[in-house]
Amino acid sequence: MDMRAPAAADAATPRDGRRLPVGGWELALTALLVAVVAGFGAAAPGFYAGPASLLGLTENFLPFGLVALGLSLVILTGGIDLSVGAVASLSAVLAAQLWSRFGVDIWAASALGVAIGALLGLLNAAVILRLGIEPLIATLGTSFLYGSAAVAAAGAAPPSGFPASFTAVGTGTLGSLGPLAGLVPIQLALFAALAVLFSALVARSPFGRVLVMVGYSPDAARYSGIRTGRVLATAYAVSGAMASLAGLVLASYYDAVRPDMGDVLLLTAITMVVLGGISIFGGEGTVAGVVVSVLVLGFLRQGMLIAGFSDMVTTMLTGAILLASIAAKNLFNRRGTGLANQIWATIRRPEPPRANPN
Amino acid sequence: MSAQRDADSAMPGFYAAQGIRKSYGAIQVLKGISLDLKPGRMVTIMGENGAGKSTLFKILAGQVPPTGGTLRLAGAPVALASPSAAHARGIYLVPQEPALLPELSVAETMFVGALPTRGGPLGRRVDWAAMRARARAALDALELPIDVDRPARTLSIAQQQQVECAKALLRGCRIILFDEPTSPLTSHEVEHLFSIMRRLKADGCTLSFISHRMDEVLEISDEIAVLRDGVLVDVVARPSFDRARLLSRMVGRPLKAVPRRAASNARDEVALEVRGLSDGLRFADVGFSLRRGEVLGLAGLVGAGRTEIAETVFGVRPAAAGEVRLGGAVVTGLDCHAMIRRGLVYVPEDRARHGAVLPMTITENVTSGLLDRVRRRAGLLSARDEARISAAAVRDFRVRCAGLDQPLRELSGGNQQKVVFAKWMTTGPRVAILDEPTRGVDVGAKEDIYEMIDAMARDGMALLVISSESEELVRLCDRILSIYEGRVVAELSGADISPAAVARSYLTAAAPSGGVAA
């Protein structure tokens, strides 16, 4: 080996970071999205009735997307947050009660609701870190606690009939900003802004970097001087805050709150994150993938319902697509970090030391 | 081969290894070992770290297949496909820290996989009464007062080893191998184990064990076999044991001369000072001071507590007592986050687990040691600045790679290690602890790493190097501390440093009775 040989990297062109927002999986999902939208547009009368109605369909599923964005951070750490549905319900109910019983301004109450969501997320992190309970069990447990608290806080007649400015979040458009903006639902604008923020956060922020490091290898992160507990606590707090934001958007959409309103969010949001390419073992995946996956699953569901399929068939298809895509992803995963590879790596015996490559 | 040996070798319980070889890839661990284990005799295997002792035992016990050579039992060749095949042939390996199933009773763990059953109207059922009776009888035969109904998790390591001995006998195994049984035991427990061994020997069992403790080896052995670099260099039978000869055989002399570093770069200023450091478990009362530009080595057997000392100084393990000073300031009890910011870094022994994140890119790994130094734009890491830091590191540390965005796992071990070095050295540390810096690294990269360590010392960095290769410590260090069972037992410096002296310093160490924990 000639040690004076110039290092090969001198000749390499440094690309703009590996964690590009778009990779092969994201492109495949985008192709699927185009196929879904074009397919239903052509085959299902009523799916496409102009750009405004197409974009308007997103109002039916973007609360799931908000939860998925927050949940992405937790799953990137290798954890899980099963309490998102209950957090959404509890914080929306509490915000609504603050407004209706205590006369707090609806926007101030909403801000408090998001803060409550973050606090509930911190409580999840405390249970995981201080009590040493696995995230799956810890957040399953807290989801029951939060869910019951929501029932108690809602009372017999939960608040409804919010101010019009508040219900506009769920059902209105950016119409006041100009004629073209009138096509864009407020929900979509909110989701897009947060999607860009989260993508930048994971791809290029110092927090995102350590988040991914903790997800790949908590030990290596700790030995690199990263205070892993703080990273996890932040991820769960953000997940909680995003869940409560989703709960508030649902409250605005329905113009009412119910203590079980968040229950539907959990499983669909997990599906969106996993289909988006984030590994449940942590570390692997991008927010861009999750964003596209939210749109794929959302439009698919809306298209199926418009085409007259029952909820049962739609749900069945969602499950089949999830399984088929993850199987395909594992099949084509060359980096050896896919689900199948990971499972294989844990069961096979460690390889003997490599021979001297020289 | 004598007629006498041929006659002996057909005896039941005569277990012979003939020309056993074992390679992992291109690395030869055992280079043709021929060794006879005989009924009623205790053959002890001695040797330095990495001599191949445990590998030999694993082959003898069917845990690992040999690459070449033959095993003969009572004269006939045997192939052992698995540990249970070895058990069926009467060969039993007692591991150093037996892994008894913690929630089962002692009797159950002794019969795992071979539960006694009896017939009944509903088919065969476990015969609990017979199981307990037979377990008790096996323990009684060795005069072990252990309740067979106790959960296995309540047993001490010594008792677990004793149960393993009884278990071996229960399964009809009369060839019993002990992999370094005494190192976790107190001196009293060692005596008890030896009395069991003597009883087994008198009973005609074929015994062999691995030990580093010269005194106990001389006490219990009938024959001593010395392994060095995968070769059996000596077999001595009682009564011609000779402590000095065994040591020189074990240490041996490498064929190539080991170059010593030219001159010490040590300056007067003390960079790291450790006083009376204990973790209350693996090491006690460790003290040393390390000056700028100095390279201090920690020598010792694998498991002597050197990594634990390093991790405690670095702040990833708690200290029970003692003081750590960095550049004069007391830093005891700070976590490694704080230590790194104060200029102390640690290159861990286990690269894949602690040192680097293999699926992440070279750049991401290089900057992960201290993300704060990467320039920010609107709170986000500047990709250009990261690439600049990474490109400089790759150049300075001579990393061979296809590009800065290559995942670390695609690099060779040596290049991975260079990236880990770069990760820490680009943070500008004043003190670096290097734990087995060339483990899993090829020869060319090894020399690169040695040159880097020399250069760091020249630049005034204080370095603490842990290595299990005596030659490496000789090559790198100004001064060497020898660690034995968690304590500093010797210090070598200047002209006293040689591979033989380093190895001797810990191999001859007297065992403090009972180890640290007692």
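Fair warning: this is a prediction, and the values are worked out from it, not measured in the lab.

Visitor: With reference to specific residues and values, describe the environment of Leu-246 of chain B.
Guide: Residues and elements named next belong to chain B. Summarising the element assignment, Leu-246 is placed in helix α9 (residues 243–251). Residue classification places Leu-246 among the buried positions, given a relative accessible area of 1%. Along the backbone, Leu-246 and Gln-417 are 171 residues apart, and their C-alpha atoms lie at a distance of 36 Å. Look past the residues within four positions of Leu-246 in its chain and what remains in contact with it is Met-214, Leu-218, Ile-224, Val-226 and Val-236.

Visitor: Provide a residue-level description of the sheet that holds strand β18 (residues 344–347) of chain B, including the pertinent values.
Guide: Residue and element names in this part refer to chain B. Across the sheet, 6 strands lie side by side as β18-β21-β22-β15-β23-β24; this open sheet has mixed pairing. Strand pairing shows two members of the sheet lacking a second neighbour, β18 and β24 (487–493), which therefore form its edges. If you compare each strand with its neighbour and ignore which way they point, the axes differ by 20° on average. In the sheet, strand β15 (residues 295–300) pairs with strand β22 (residues 462–466) via 4 bridges, with the strands oriented parallel. Within β22, the position partnered with Gly-297 by the bridge is Val-465.

Visitor: Quick rundown of the confidence of the model for chain A? Include the residues and the values.
Guide: All names here are of chain A. When pLDDT is averaged along chain A, the result is 87, and 86% of the positions lie at 70 or above. Model confidence for chain A, summarised as mean pLDDT per element, is weakest for helix α15 (residues 339–347) at 57 and strongest for helix α3 (residues 62–76) at 98. Of the regions scoring below 50 in pLDDT, residues 1–21 engages in 50 contacts with residues more than four places distant in sequence or in other chains. Considering only residues more than four positions removed or in separate chains, one finds that residues 349–358, a stretch of pLDDT under 50, has 14 contacts.

Visitor: Kindly report on the packing of helix α8 (residues 186–204) of chain A against helix α13 (residues 287–306) of chain A, identifying the contributing residues and their values.
Guide: Residues and elements named next belong to chain A. Where α8 meets α13, the closest approach of the two axes is 8 Å, and the angle between their N-to-C directions is 155°. The orientation of α8 relative to α13 falls into the category roughly antiparallel. Each of Phe-191, Ala-195, Phe-198, Ser-199 and Val-202 in α8 lies in contact with α13, whose residues at this interface are Val-287, Ala-288, Val-291 and Val-294. Counted by class, the contact of α8 with α13 contains 8 nonpolar, 1 polar and no charged residues.

Visitor: Explain helix α18 (residues 499–507) of chain B to me, and be specific about the residues and the numbers.
Guide: Residue and element names in this part refer to chain B. α18 sits mainly inside the fold: 8 of its 9 residues count as buried. Buried within α18 we find Pro-499, Ala-500, Ala-501, Val-502, Ala-503, Ser-505, Tyr-506 and Leu-507. Buried residues along α18 sit in contact with α9, β15, α17 (470–476), β23 (479–484) and β24.

Visitor: Got a sec to walk through the pattern of salt bridges? Specific residues and values, please.
Guide: Under the definition given, this model contains 42 salt bridges over all chains. With its nearest N and O atoms 3.0 Å apart, the salt bridge here joins Asp-372 of chain B to Arg-341 of chain B. With Asp-372 of chain B in the loop between α13 (362–367) and β19 (376–377) and Arg-341 of chain B in helix α11 (residues 336–341), the pair connects residues that are 31 residues apart, well separated along the chain. When salt bridges with common partners are traced through the structure, they connect Arg-204 and Arg-209 of chain A together with Glu-364 and Glu-386 of chain B into a single cluster.

Visitor: Quick rundown of the sheet that holds strand β3 (residues 42–47) of chain B? Include the residues and the values.
Guide: All names here are of chain B. Taken in spatial order, the 6 strands line up as β6-β9-β10-β3-β11-β12 in an open sheet, and their pairing is mixed. At either end of the open sheet lies a strand with only one pairing partner, and these are β6 (91–94) and β12 (231–237). Neighbour-to-neighbour, the strand axes of the sheet open up by a mean angle of 20°, direction not taken into account. Here α9 sits on the sheet and contacts β3, β11 (223–228) and β12; the angle it forms with β11, its principal contact strand, is near 25°.

Thresholds applied
- Residues numbered from 1 in each chain as written.
- Chains lettered and ligands numbered in written order.
- Predicted model: local features only at pLDDT ≥ 70, side-chain atom pairs only at ≥ 80, totals over all residues.
- Heavy atoms only, no water.
- Helix = DSSP H or I, 4+ residues; strand = E, 2+ residues; numbered from the N terminus.
- Buried < 20%, exposed > 50% of the residue type's maximum accessible area, 1.4 Å probe, protein only.
- Contact = heavy atoms within 4.5 Å.
- Pairing = 2+ DSSP bridges.
- Axes fitted to C-alpha atoms, helices over the stretch in contact; angles between N-to-C directions.
- pLDDT = per-residue confidence, 0-100.
- Parallel < 35°, antiparallel > 145°, perpendicular 65-115°, else oblique.
- Nonpolar A, V, L, I, M, F, W, Y, C, P; charged D, E, K, R; others polar.
- Salt bridge = Lys/Arg side-chain N within 4 Å of Asp/Glu carboxyl O.

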